[in-house]
Amino acid sequence: MLQQKNSIYEKAAEIIINSGECTVLTGAGISAESGIPTFRSKGGLWKDYDPTVYASLSTFQKDPSKYWSVRGDFIWNYGEYSPNEAHYSLARLEETGVVSSIITQNIDGLHKKAGSKNVFEIHGSLREIFCQDCNREYIAPEVPKNDIPKCSCGGVLKPNTVLFGEPLPERALFNAQKESEQCGSMIVIGTSATVYPAAQLPLIVARNGGKIIEINIERSLASADIFIEEKAGTALPALEKEIGKLLNNNS
Ligand code: OAD
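Every residue gets a number counted from 1 within its own chain, in the order that chain's sequence is written. Local features in a predicted model are, by the rule used here, given only for residues with pLDDT of at least 70; side-chain atom pairs are given and counted only at 80 or more, and totals for whole chains, interfaces and linings are based on all residues. Think of the side-chain values as coming from all heavy atoms in the structure, minus any hydrogens and water.

### A closer look at helix H8 (residues 170–182)
Strands are runs of DSSP state E lasting at least two residues, helices are runs of H or I lasting at least four, and both sets are numbered from the N terminus onward. A helix is expected to span 1.5 Å for every residue after the first. Helix length check: H8 (13 residues) gives 18 Å between terminal C-alpha atoms against 18 Å at 1.5 Å per residue, within 8%. Note on exposure labels: buried denotes an accessible area under 20% of the residue type's maximum, exposed denotes more than 50%, and partly exposed covers the range between, all computed with a 1.4 Å probe on protein chains only. Looking at H8, one finds that the buried residues are Ala172, Leu173, Asn175, Ala176, Glu179 and Ser180. Projection of H8 onto a plane perpendicular to its axis shows the buried side chains occupying an angular sector of 165 degrees, all on one side. Set apart from the buried face of H8 by more than 90 degrees, the exposed residues are Glu170, Arg171 and Phe174. Contacts are residue-level and defined by heavy atoms, with any inter-residue pair within 4.5 Å sufficient. Residues of H8 that are buried make contact with strand E1 (22–26), strand E2 (99–104), strand E3 (119–121), strand E7 (185–189) and helix H9 (201–207). By definition, the arc is the one covered by directions from the helix axis to the C-beta atoms.

Right, dumping it as structure tokens:
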């Protein structure tokens, strides 16, 4: 079994090194080992809270307390979550020029915290919070701890994240689509690939002849060329090691 897994890492490393630019698409699963619940897998946030109620723009406009009741704790404790081995591996792979960019659906800011630079946060970030009236910016965790946190002007505060019914940040989405069109491989990590347009990005890669490597504890992409069935925090350092061996052999 161990031998089989090693050979999967070798194959994945060869694809990444030999296919041109490599981009990465991440979802909630990469942050699971940092203690942040996913949405749809076991113990996921949307198992207890209906996202069409708790994370929709129309509900936020009617009653922002619902959104704050599920997201407030993360924001008020923003500094307490740390990147895990998977985030750090990706940051090192970018540093060595292997990974060109990270497209993330995550709003936890952990890729940037781990040192990754070229990160496209297509669902926004919980770090920045804006007053809906005067547009004043607050940075998590410096936000009043109330049912409905408000600005000093009295306006309701809303994190800079995408709610259902809201458009995605234009520039991040544009860059994500561009990276997907031009890369030779994409590593897809810890996403159920059920939310669009993120779920479409691997399809763009495949349509342009790029290869897909999926890392997940359960397969979610039928079209992946390689599926590594493993936790992200274990798989990424193992993959990084294989890539390092190949780079050393080639130099
Ligand atoms: P999901 O909760 O839908 O999927 C999480 C994925 O991570 C599943 O496929 C799990 O099998 C996998 N997983 C769990 N633990 C893992 C681990 N340790 N290592 C690797 N994989 C693991 O989360 P997303 O696909 O990110 O959007 O959800 C997409 C979007 O839906 C989110 O960005 C959010 C949500 O509604 C918005 O809020 C706009």
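### Description of the pairing of strand E8 (residues 211–216)
Regular strands place their side chains on alternate faces of the sheet. When you tally the buried positions in E8, you get five out of six residues, the bulk of the element. Relative to E8, E7 runs parallel, the two being bridged by five bridges. Opposite Ile189, over in E8, you have Ile215 as the bridge partner. Viewed with both strands pointing away, a crossover whose connecting path from the first strand over the helix to the second turns clockwise is right-handed. A crossover links E7 with its parallel partner E8, the connecting element being H9, and its sense is right-handed. Strand pairing is defined by DSSP finding a minimum of two bridges between the two strands. Taken together, the four bridges between E8 and strand E9 (residues 226–229) define a ladder with parallel strand orientation. The residue of E9 that forms the bridge with Ile215 is Ile228.

### Regarding the site of the ligand
Residues are counted as near a molecule or strand when any one of their heavy atoms sits within 4 Å of it. Taken together, 22 residues lie around the ligand, and Phe39, Arg40, Thr191, Ser192 and Asn216 are the ones closest in. Contacts described as polar in this section are N or O atom pairs within 3.5 Å, which, within protein, must combine one atom able to donate a hydrogen with one able to accept it, while residues neighboring in sequence count only if both atoms come from side chains. Contacts to the ligand include Gly190, whose backbone N or O atom sits 3.2 Å from an oxygen atom. Between an oxygen atom of the ligand and a side-chain N or O atom of Thr191, the distance comes to 2.7 Å. Cavity membership is defined here by more than half of the atoms lying within 2 Å of grid points; on that basis the ligand lies in the largest pocket. The method works on a 1 Å grid over the protein atoms by themselves. A cavity is a set of points holding a 1.4 Å probe that cannot get out, a pocket is an open set with protein on both sides within 12 Å along at least five of seven lines, and residues with an atom within 4 Å of a point line them. Assignment to a cavity or pocket requires that more than half of a molecule's atoms be within 2 Å of the site's grid points.

### Let's talk about the pattern of salt bridges
What makes a salt bridge here is a side-chain nitrogen of Lys or Arg within 4 Å of a carboxyl oxygen of Asp or Glu, nothing more. Following the criterion strictly, the structure yields five salt bridges and no others. For the salt bridge of Glu166 with Lys158, the shortest nitrogen-to-oxygen distance reads 3.3 Å.

### Observations regarding the domain arrangement of the protein chain
As assigned here, the protein chain comprises domain 1 (1–36 + 83–123 + 168–251) and domain 2 (39–80 + 125–161). Where each domain starts and ends follows an automatic or database-derived domain assignment. The gap between the C-alpha centroids of domain 1 and domain 2 is 28 Å. With eleven residues of domain 1 at the contact, the number on the domain 2 side is ten residues. Linking domain 1 with domain 2 are zero salt bridges. Here the side of domain 1 that touches domain 2 is built from residues that sort into four nonpolar, four polar and three charged. All amino acids are sorted into three groups, where Ala, Val, Leu, Ile, Met, Phe, Trp, Tyr, Cys and Pro are nonpolar, Asp, Glu, Lys and Arg are charged, and the leftover types, Gly among them, are polar.

### A word on the side chain of Ser89
For Ser89, the position within the fold is in helix H6 (residues 85–95). For Ser89, a relative accessible area of 0% corresponds to the buried category. Engagement of the side chain of Ser89 in a polar contact is seen with the side chain of Glu240, the distance being 2.6 Å. Look past the residues within four positions of Ser89 in its chain and what remains in contact with it is Leu236, Pro237 and Glu240.

### Topic: the sheet that holds E9
Taken in spatial order, the six strands make up an open sheet running E3-E2-E1-E7-E8-E9, and their pairing is parallel. The open sheet terminates on both sides in strands that have one partner only, identified here as E3 and E9. Strand-to-strand twist across the sheet, computed as the mean angle between neighbouring axes with direction ignored, equals 15 degrees. Taken together, the five bridges between E1 and E7 define a ladder with parallel strand orientation. Residue pairing across strands places Leu25 opposite Val188, the latter belonging to E7. Here, axes are lines fitted to C-alpha atoms. For helices the fit covers the stretch in contact, and angles between N-to-C directions go from 0 to 180 degrees.

### Observations regarding the nonpolar core
Within this scheme, the nonpolar core is defined by two criteria: the residues are buried Ala, Val, Leu, Ile, Met, Phe, Trp, Tyr or Cys, and they are joined through side-chain atoms within 4.5 Å. Counting 25 residues, the largest nonpolar core has Ile16, Ile187, Ile189, Ile213, Ile215, Ile228 and Leu239 as its most contacted members. Those elements that provide at least two residues to this core are helix H1 (2–18), E1, H6, E2, E7, E8, E9 and helix H10 (232–250). Leaving out residues up to four positions away in the same chain, Leu239 has contacts with Tyr9, Ala12, Ala13, Ile16, Ile187 and Ile215. Judged by nonpolar contacts, the second largest core, of 20 residues, contains Trp68, Leu110, Cys131 and Leu157.

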